[in-house]
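One-letter residues, chain by chain:
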Amino acid sequence: MTGPLVPFRQFVLKVHSRCDLACDHCYVYEHADQSWSARPKVISDETISWTALRLAEHAKTHALPSLHVILHGGEPLLAGPARLRRICEELHRALDGVCALDLRIHTNGVQLSERYLDIFAEYGVRVGISLDGDKAANDRHRRYADGRSSHRQVLEAVALLRQNRYRHLYAGLLCTIDVANDPLAVYDALVELGPPRIDFLLPHATWDEPPARPGGLPTEYADWLLSVFDRWNGQGRPVPVRIFDSVLSTLSGGPSLTESMGLGPTDLVVIETDGTLEQADSLKTAYDGAPATGFDVFSHPFDAAARHPGVTARQHGMAGLSQECRSCPVVTSCGGGLYAHRYRTGSGFDNPSVFCADLKTLVETVTARTSPAGPTAGSVGAPVKDLVELAAGTDDGTAVLALAAAQHEVTRGLLALVNEALGERGGELWDPAWQLVTGLDQRGDTLDSVLAHPYTRSWALRCLELLNGRDPARGGAPLPEAGHLASLAAAALLRAGLSGRLLVPVVDGAVQLPTLGRVSLGGRASGAAVAELTAGEDGLTVRADGRELRVGRLDLGTGSVDLGTGSVDAAGGRWEPVRRLRAGRLDLSLEDTDPYRRCYGRPVSDRLDSAEAARWQRSTASAWDLVQAMAPGRASELAAGLTTLTPLLTLPDPADPAGGARGFGALGIALLESSTEDPGGDPAVLARALVGGFQYAKLDALLGLCELYDEADPRLYRVPWRVAPVPVGEVFADACARVATGALQPDGPRDGATGRALEVLTGSGALTPLGQRFVSGLRDAFASGR
C-alpha cells in the first residue's frame, strides 16, 4: 500500500541519553530495546548542526509553515545550560525565514532552575513536566536510584514555572497511569498545580508483556480514567485533558488530539544523540531494534525515514488496522490504540491494542455520559437541559453559550468530514493548511475563534455538497473551494501572534482572512489565483504576481482587530478590516468581506462605504437600546450568542429567516428606511429582526442536537398568519419567533394569533417530550409578555 509521502512535522530530539531518576516504568531503560546503552551521553555539536540543517531542508522541501521540536532524553536537562542554549541557537538560526519553530522540552523537573528557564524564555521553549500525581502516586515509580523520592523537587520545579515571569513557558503535566493509585487523588493533585494541559498516559505494554491488572478485571484502566472523567466533567472541565478532549473531538467528527488514539497518520521522527533516526520511542517496548530505520542526519534527509515501511505502516488510517479493529464501532475514536501496544510475537502489529477492552469501554462510556439523554450532560447536553430557558428568554446567556459550544463541535466535525472526503482533491493548498490548523489546535483557543466564525460552516457544507456529487461537472478534479482552509489557517496564525508563511487563495481579487478582513490586491495582482502570505514581527506581507503589499501588525489588544489603516497603495491595494458594531454589551462583526456570507438566498451587500457602515452602527445602537428596555432577557441572549451581522440588499427569505447554511451566531439583515427623515432605518424593525432572527437561529441549532417534533408527521396545520396549512415544523418555528418578538410588537406581547399557534402545537400530538418542554417555555414567555 503506497501513497503520497507524509512529511514529518514533529521531531523528538534526544539531547542526553541518561537520566537522574530510575523510574521502573520507563520505556527507554526498562523495556525490550536497550540501544540507549551504546549511544553517547550527550548530543555533539556536529549532530546539532546536521539536525538543524536537515530540519530546514525538510521544511523547505515540503513548504511547511511550522515545525514542532521536543527536546528529550533520558533527562534533557542533564545536557546543561550551555549545551541547551547552543541547540536553541542552532535551530532558530537554521529555520529563521524558513518556517515557524514550536520548541518544547519534556523533563522530570528535578534539575529545573532559573538558569534553564531564563534560556527557555529567551528562545520560547515551553516546558512539560512528568509527574504521576500526589506524593504516594509519584513515589510508586519516580524515584532516584537509591530509592529517594523526587516529589518535592518536582513540585519546586512546577512552582518556579508558575511564577509570573515564567508562566508563559508552562506547557503542562504528563502523568503515567498506575491503576494501583487513587485516580481522584492523582487528578486533584495535578489540577491543584494549575497546568495548561494534563496528559494521562497508558503505561507501555504489549501482548507479550501485558499491563498490570491487580484487580484481574479487563477494563481497570478505563475504570480508572472514567473516575477522573466524571470528576473533570462534573467540575466543568477546568483544564484540557488530552485523552478526554481527543475522544470528545473524534466523537463529533473532529481530529484526534493524541498519537495514542485516532486514525490520523504519524508525522513524528526521533533523532537520537548519535544522529540516528528512529521511529516513535514507544516502539522500544515491542522488541530490541523495533524503532530503528537505518538512517541518520549525516547521510540522509528526513524524507528517507518518512518512506521507511515502519513509518508508512502507520499512515494508512483504518486500512492499516487489524480486521477486528476495522469492524469495531468505536474505531474512529480509538484508532486501534497506540501502534506499539498492538505488538505480539508472531503476528507483529496486526492486532488490536493490548488495552482494547479499556479503550472501547472508555469511548462508549464517554459517549453515553455526554449525550443529551445521558445522566451527566456534556457540551451537547447542556443546551438541551436548558430548553425552557432557551424558549422563554429567561436564560442569562449561559445556555446560549453552551448551544454555541455544541455548534462549534459540529463545525469541527464537518471540517474533519471534508478532510476525509477530499482524498487527493485538496489541491496544493490543503495539506499545509491542514497541518497548520492541527498544530494551532493544540496550542490554545486561537483556532476556535476562526472555526467558530459562522461562515466557516457555510464553506464546509459547500465543500461537502460538491464532494458528495451534487456538482458532477467537477469530476475528480481538485476542489478549488478547499483552498479556503488556507485562509482560515492564516487568520488563526495571525490571531496566535505566530510567524509563518502560507500559500493562500485569491478570491474576488483579494486575500481573505476570515474574522479579520481581506487584503484587496488591486492592479494586475488581483487576477492571481494564489498569493504568498508571510506573518512576522514586522506584520503581514502578501506577495502575488510580482507585487508585495505590507500591512501593519496584528493588535488584538482588547479584542478589536486592526491590521492597518486601510490606506490604498499606488496600484489600488488595500487592507479592509472587518468592522465592529458595538452597543452596550453587544459586540458584532459587520461582515461584508467573507465570500461564504453569500448563503442567504438573497443578494448581499458588497463592502460598505464608511457612511453606510456608520448607518449600521447608529441603527444597531438604537435597536439594542429598544431590546434592552423592552425585552431584557432577549438582550442577554443576543449579547451572549449573536456574533455577526451581514448586510443584505433585500429582506431574507420568509421560509428561512435565520438565513441559510451558516453557523450559529450570524444573521443576514437588510436595513429598511421608514422615512426620508430617518436615514438610519426604523430601530423597531431592526430590533424585531434581531430578536426574531436569533430565535430562529437558536431553534435551528437545537434541531441539530435533538428532536423537538416528529418531522415525519404528514399532517398540515392552520395558523392565522399563513394563507395555506403548513407542516408542524413551520408552525413551531413561526411560534418561536413570534413569542420572542412579542414584547417588541406594536400591539403588545399577547396577540391572539400566537396564542392559537401554541394551542395548535400543544394539541398536535407531534411534539416529542423535549418539544413539549420547549413549548412549555414558549407558553410561559407568552403569558408573561417576555
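This report concerns the structure included in the present document. Here the structure is a predicted model, which means the values were calculated and not measured.

Parameters at a glance
- Residues numbered from 1 in each chain as written.
- Predicted model: local features only at pLDDT ≥ 70, side-chain atom pairs only at ≥ 80, totals over all residues.
- Heavy atoms only, no water.
- Helix = DSSP H or I, 4+ residues; strand = E, 2+ residues; numbered from the N terminus.
- Buried < 20%, exposed > 50% of the residue type's maximum accessible area, 1.4 Å probe, protein only.
- Contact = heavy atoms within 4.5 Å.
- Pairing = 2+ DSSP bridges.
- Axes fitted to C-alpha atoms, helices over the stretch in contact; angles between N-to-C directions.
- Salt bridge = Lys/Arg side-chain N within 4 Å of Asp/Glu carboxyl O.
- Parallel < 35°, antiparallel > 145°, perpendicular 65-115°, else oblique.
- Nonpolar A, V, L, I, M, F, W, Y, C, P; charged D, E, K, R; others polar.
- Arc of directions from axis to C-beta.
- Phe/Tyr/Trp six-rings, centres within 6.5 Å; stacked < 30°, edge-to-face > 60°.
- Lys NZ or Arg CZ within 6 Å of the ring centre and 35° of its normal.
- Core = buried A, V, L, I, M, F, W, Y, C linked by side-chain atoms within 4.5 Å.

In terms of helices and strands, the protein chain carries 26 helices and 20 strands. Split into buried and exposed, the 786 residues of the protein chain put 56% on the buried side. Taking the intrachain contacts of the protein chain between residues at least 6 apart in sequence as the baseline, contacts between residues at least 24 apart amount to 69%.

Attention now goes to the sheet that holds strand β17 (residues 579-583). Read across the sheet, four strands follow the order β17-β18-β19-β20 without closing on themselves; strand pairing throughout is mixed. Two strands bound the open sheet, and with one partner strand each, they are β17 and β20 (666-669). Between one strand and the next, the sheet's axes are offset by a mean angle of 30 degrees, whatever the strand orientation. Bridge count between strand β18 (residues 586-590) and strand β19 (residues 644-647): two bridges; the pairing is parallel.

Most of strand β1 (residues 10-14) is tucked away, with four of its five residues classed as buried. For β1 and strand β7 (residues 268-271), the ladder comprises four bridges, and the chain directions are parallel. Residue pairing in the sheet places F11 in a bridge with V269 of β7. With five bridges joining them, β1 and strand β2 (residues 66-72) adopt parallel strand pairing. Residue pairing across strands places L13 opposite L71, the latter belonging to β2.

Read across the open sheet, the seven strands follow the order β15-β14-β13-β10-β11-β12-β16; overall the sheet is antiparallel. The sheet terminates laterally at β15 (547-551) and β16 (574-577), the two strands that pair on one side only. With strand direction ignored, the average angle separating the axes of adjacent strands in the sheet is 30 degrees. Here strand β13 (residues 530-536) pairs with strand β14 (residues 539-544) via five bridges, running antiparallel.

Here the focus is the pattern of salt bridges. By the definition in use, this model includes 44 salt bridges. Salt-bridge contacts for R104 lead to D102; the nearest nitrogen and oxygen are separated by 3.2 Å. For the residue pair R104 and D102, the accessibility class agrees, reading buried in each case. The shortest N-O distance in the salt bridge between D199 and R242 comes to 2.8 Å. A residue pair is termed long-range when its members are at least 10 positions apart, and D199 in strand β6 (residues 198-201) and R242 in helix α8 (residues 242-251) qualify at 43 residues. Connected through shared salt-bridge partners, K14, R39, E272, D274, E278, D281 and K284 make up one network.

This brings us to the packing of α8 against helix α13 (residues 356-370). A packed helix pair is summarised by two numbers, namely the angle formed by the two axes and the spacing between the axes. Packing of α8 against α13 brings their axes to within 10 Å, and their N-to-C directions diverge by 70 degrees. In terms of orientation, α8 lies roughly perpendicular with respect to α13. Contacts between α8 and α13 involve I243, F244, V247, L248 and L251 from the first element and L362, V363, V366, T367 and T370 from the second. A per-class count over the contact of α8 with α13 returns eight nonpolar, two polar and no charged.

Attention shifts here to helix α6 (residues 183-191). For α6, the set of buried residues is P183, V186, Y187, A189 and L190. Across the axial projection of α6, the buried residues extend over an arc of 165 degrees, all falling on one side. Those residues of α6 that are buried are in contact with α4 (135-138), β5 (170-176), β6 and α7 (220-234).

Throughout the structure, instances matching the rule amount to 16 aromatic pairs. Between F200 and W224 the ring centres are 5.7 Å apart and the planes differ by 75 degrees, which places this aromatic pair in the edge-to-face class. Of the two residues, F200 sits in strand β6 while W224 sits in helix α7, which places them 24 residues apart along the sequence. Looking at F200, the relative accessible area reads 5%, which means it is buried. The exposure class assigned to W224 is buried, which follows from its relative accessible area of 4%. Following the ring pairs from residue to residue traces out a cluster consisting of Y287, Y339, Y343 and F349. In this structure, R148 is placed above the aromatic ring of Y144, and the distance from its NZ or CZ to the ring centre is 4.1 Å. Across from the ring centre of W721, 4.1 Å away, lies the NZ or CZ of R738, which sits over that ring.

The next subject is the side chain of T176. Relative to the helices and strands, T176 is located in strand β5. If sequence neighbours within four positions are ignored, T176 has contacts with H25, D132, R142, L201 and P203.

Counting 92 residues, the largest nonpolar core has L84, F120 and F200 as the members making the most contacts within it. The element that contributes the greatest number of residues to this core is α7, accounting for seven residues. Beyond its immediate sequence surroundings of up to four residues, L84 is in contact with V15, L71, P76, L77, A79, I105, Y116 and F120. Among the nonpolar cores identified, the runner-up in size contains 60 residues, and V400, L671, V731 and C736 belong to it.

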